[in-house]
Amino acid sequence: MVEAVLVDLFSLPANLQNNIQGLLHNTLEAIEKYPAIHALCVYVMCCQRQGSERKGEQEFLLAALGGFQSLRRRLEVVCAQTTAAALYTIKQRLDEKDQSIIKVILPTLRKDLMKVYIDHLFTAVYQFEFEDLQVISDSESLQISEYQHEGQILPSQDVALIQNEIQMYLESLPSLKGELTILRSSLIPDDIFLHGFTTRTGGISYIPTLSSCNLFSSSKRRDPQVVVKENLRRLANAAGFNPEAFHRVKVDHANAVCIMGKTEPDNYDGIVTDQKGVTLAAPGADCIPVLFADPVRRACGAAHSGWKGTLLGVSMATVNAMVSEYGCNVKDILVVLGPSVGPCCYKLPHESAEEFHRIDPKCVRLFDSASPYIDIRRATRILLERGGILPENIQDDSITDQNKNITFCTACHPDKFYSHFRDGSNFGTQIGFISIKD
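Per an unreviewed UniProt entry, the recorded name for the chain is Purine nucleoside phosphorylase LACC1, and the organism is Horornis vulcanius. Turning to the chain, the UniProt annotation filed under Sequence similarities (unreviewed entry) states: "Belongs to the purine nucleoside phosphorylase YfiH/LACC1 family." Heading Subunit (unreviewed entry) of the UniProt record for the chain holds this comment: "Interacts with FASN. Interacts with SDHA. Interacts with ATF6, EIF2AK3 and ERN1."

See the structure below:
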């Protein structure tokens, strides 16, 4: 069932106001006949001409609403100077109301163009259906003023122009939730490595559970890749790395490791390199982003360690890759565990808890309960130490100097971190990142 209707009047010429009013009136008449009309929100998208007043354009279009009282309370006219700005504003309204099924009424010649904008600004969470806007006018000058490629694939240069328009608009948006903040470990030498763990502030993601510096896009979430890319660009500027030489693990909740420069696996939760200027990253939203640094051999790595990856030994698999590929001595490797869900909050079913209990009984609290509390950080440390990592070369929540603590519980700090455990399926993601300085 359609939850919202978007009427695209963006490219209709401003000098044909009578035609636009009549067009909108006819379109609203058709909308009134839809099933469940009282539940629909209607958004009218139009171009805000240079030098014109937004309020004036809105009032002019709202004049077409005479006799549509049932719609007037749920209709918003969105005027902007670009399609990207107008559509992104409408996306915000849809997200505020948790609406995902949208009918788009637009001129036929705008359809392929609009699909490109939608592909970039929305994810698979949303469903769109299209209906032709019947443009009827005595004036031959009522033409669609933009691209006319309906029924064809847009030329690559036109797609590039749309991408650039979207990027420029997103770059113009203010940061939300305060300044971008990066946590750094005192264990990793900053004269050799650039590294850090992100928090949730300083980006442009506006959905509450994703706000504001979400760094992962998924077909199941509402933050599109272009927003995540802009958040990453801002992070790169603040941290000082090149976002074009950025490599994030492809999460599989297992223990495969990618060696930079060799054939990339389809999925992997660890990644290592000895190349300068290449930034490696591991996501986390309760799972542990783990960073590895060898200042002797000048090699580094990153791993994503959830409860499954922890049991499968993803951290030691990353260490072993550094040893085998770059000749690292395991006793030289430094390991830092980033923000992740703590034993104060994290529960697993008893069957899974038994596997952590076998690593060390101290990894499980309330073992006899149906859902014991699990300490995946302690389990990670134990497995690393058993693999030869020196205890003093591991930084985690066991650190006694709290001023140096960076292994916060993500579930306990909603102001600083995202948490799948706390926020549900539409959760945001922070990352740990590391690179070797030039």
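This part covers the overall build of the chain. Within the chain, the secondary structure is distributed over 12 helices and 18 strands. By residue count, 55% of the 438 residues in the chain fall in the buried class. Counted over contacts in the chain with a minimum sequence separation of 6, partners at least 24 positions apart contribute 71%. On the chain, roughly 19,200 Å² of surface is accessible, and the fraction owed to carbon and sulfur atoms is 48%.

So, about unusual backbone geometry. Apart from glycine, the bulk of residues carry a negative phi angle, and the bulk of peptide bonds sit in the trans form. Note that the residue after Ser211, namely Ser212, is joined by a cis bond; omega there is 0 degrees. Within the secondary structure layout, Ser212 lies in the loop between β7 (193-198) and α7 (225-239). With a phi close to 55 degrees, Asp98 is a non-glycine residue in the positive phi region. The residue His253 is not glycine, and still its phi comes out positive at about 55 degrees. Accessibility expressed as a relative area gives 36% for His253, which makes it partly exposed.

Turning our attention to helix α5 (residues 111-121). Burial within α5 is extensive, with 9 of its 11 residues counted as buried. Of all the positions in α5, only Lys111, Asp112, Leu113, Met114, Val116, Tyr117, Ile118, His120 and Leu121 are classed as buried.

Glancing now at the confidence of the model for the chain. Summary statistics for the chain give a mean pLDDT of 90 and a share of 89% for residues scoring 70 or more. Counted against residues more than four places away or in other chains, residues 137-150, with its pLDDT under 50, gives 38 contacts.

A large share of strand β3 (residues 75-80) lies buried, amounting to 5 of its 6 residues. Here strand β2 (residues 41-47) pairs with β3 via 6 bridges, running parallel. The residue bridging Tyr43 from the neighbouring strand is Glu76, located in β3.

On to the pattern of salt bridges. Under the definition given, this model contains 18 salt bridges. Across the salt bridge formed by Asp98 and Arg222, the nearest N and O atoms sit 3.1 Å from each other. Separated by 124 residues along the polypeptide, Asp98 in the loop between α4 (83-96) and β4 (101-106) and Arg222 in the loop between β7 and α7 bring together distant segments of the chain. What makes Asp98 exposed here is its relative accessible area of 52%.

In this structure, Asp294 sits in strand β12 (residues 288-294). Within the structure, Asp294 has its side chain in polar contact with the backbone nitrogen of Val296 (distance 2.9 Å). In contact with Asp294, other than residues within four places in its own chain, are Phe193, Ala299, Met322, Cys328, Asn329, Asp332 and Ile333.

Moving on, we come to the nonpolar core. If you look at the biggest cluster of nonpolar residues, it comprises 40 residues, and the most contacted ones within it are Leu6, Met45, Leu87, Tyr88, Ile166 and Leu170. Elements supplying a minimum of two residues to this core: β1 (4-8), β2, β3, α4, β4, α5, α6 (156-172) and α7. No other element matches the 7 residues that α4 contributes to this core. Lining this core are residues from two domains, each supplying at least three of them: domain 1 (4-135 + 153-172) and domain 2 (182-436). Contacts of Met45, omitting those with residues within four sequence positions, involve Leu6, Val7, Asp8, Leu9, Phe10, Val78, Thr83, Ala86, Leu87, Ile90, Arg110 and Met114.

The strand order β3-β2-β1-β4-β5 describes an open sheet built from 5 strands, whose pairing is parallel. Strands at the two margins of the open sheet, each flanked by one partner only, are β3 and β5 (127-132). Ignoring strand direction, the axes of neighbouring strands in this sheet form an average angle of 20 degrees. Pairing of β1 with β4 involves 4 bridges; the strand directions are parallel. Following the sheet pairing, Val7 is matched in β4 by Ile105. Sheet strands in contact with α4 are β1, β2, β3 and β4, and its direction is about 165 degrees off that of β2. Across the sheet, α5 is in contact with β1, β2, β4 and β5; its angle to β5 comes to roughly 165 degrees.

This brings us to the pairing of β1. With 5 of 5 residues buried, β1 is to be regarded as a mostly interior element. In β1, alternate side chains face the same way, and those of Ala4, Leu6 and Asp8 on one face and Val5 and Val7 on the other are all buried.

The next subject is the environment of Cys345. Residue placement: Cys345 occurs in the loop between β14 (334-337) and α10 (350-359). Put simply, Cys345 and Ile374 are 29 residues apart on the chain and 8.3 Å apart in space, counted from C-alpha to C-alpha. In this view, Cys345 contacts Tyr373, Cys409, Ala411, Cys412 and Phe421; residues no more than four positions away in its chain are not counted.

Below, the discussion takes up the packing of aromatic side chains. Considering all chains together, one arrives at 8 aromatic pairs under this definition. Taking the centre distance of 5.8 Å and the plane angle of 70 degrees together, the rings of Tyr88 and Tyr169 count as edge-to-face. With a gap of 81 residues between them, Tyr88 in helix α4 and Tyr169 in helix α6 connect regions that are remote in the sequence. Grouping residues by exposure puts Tyr88 and Tyr169 together as buried. Here a set of aromatic residues connected by ring pairs shows up, and it is made of Tyr88, Tyr169 and Tyr206. Note that Lys91 overlies the ring of Phe122, its terminal NZ or CZ placed 6.0 Å from the centroid. Over the ring of Phe130 we find Lys115; its NZ or CZ atom is 5.3 Å from the centre of that ring.

Thresholds, definitions, all that
Residues numbered from 1 in each chain as written. Predicted model: local features only at pLDDT ≥ 70, side-chain atom pairs only at ≥ 80, totals over all residues. Heavy atoms only, no water. UniProt positions renumbered as here; feature names shortened; annotations may be inferred. Helix = DSSP H or I, 4+ residues; strand = E, 2+ residues; numbered from the N terminus. Buried < 20%, exposed > 50% of the residue type's maximum accessible area, 1.4 Å probe, protein only. Contact = heavy atoms within 4.5 Å. Areas by Shrake-Rupley, 256 points an atom, 1.4 Å probe, with all protein chains shown as cover. pLDDT = per-residue confidence, 0-100. Pairing = 2+ DSSP bridges. Salt bridge = Lys/Arg side-chain N within 4 Å of Asp/Glu carboxyl O. Polar contact = N/O pair within 3.5 Å; in protein donor to acceptor, adjacent residues only side chain to side chain. Core = buried A, V, L, I, M, F, W, Y, C linked by side-chain atoms within 4.5 Å. Domains from an automatic or database assignment. Axes fitted to C-alpha atoms, helices over the stretch in contact; angles between N-to-C directions. Phe/Tyr/Trp six-rings, centres within 6.5 Å; stacked < 30°, edge-to-face > 60°. Lys NZ or Arg CZ within 6 Å of the ring centre and 35° of its normal.

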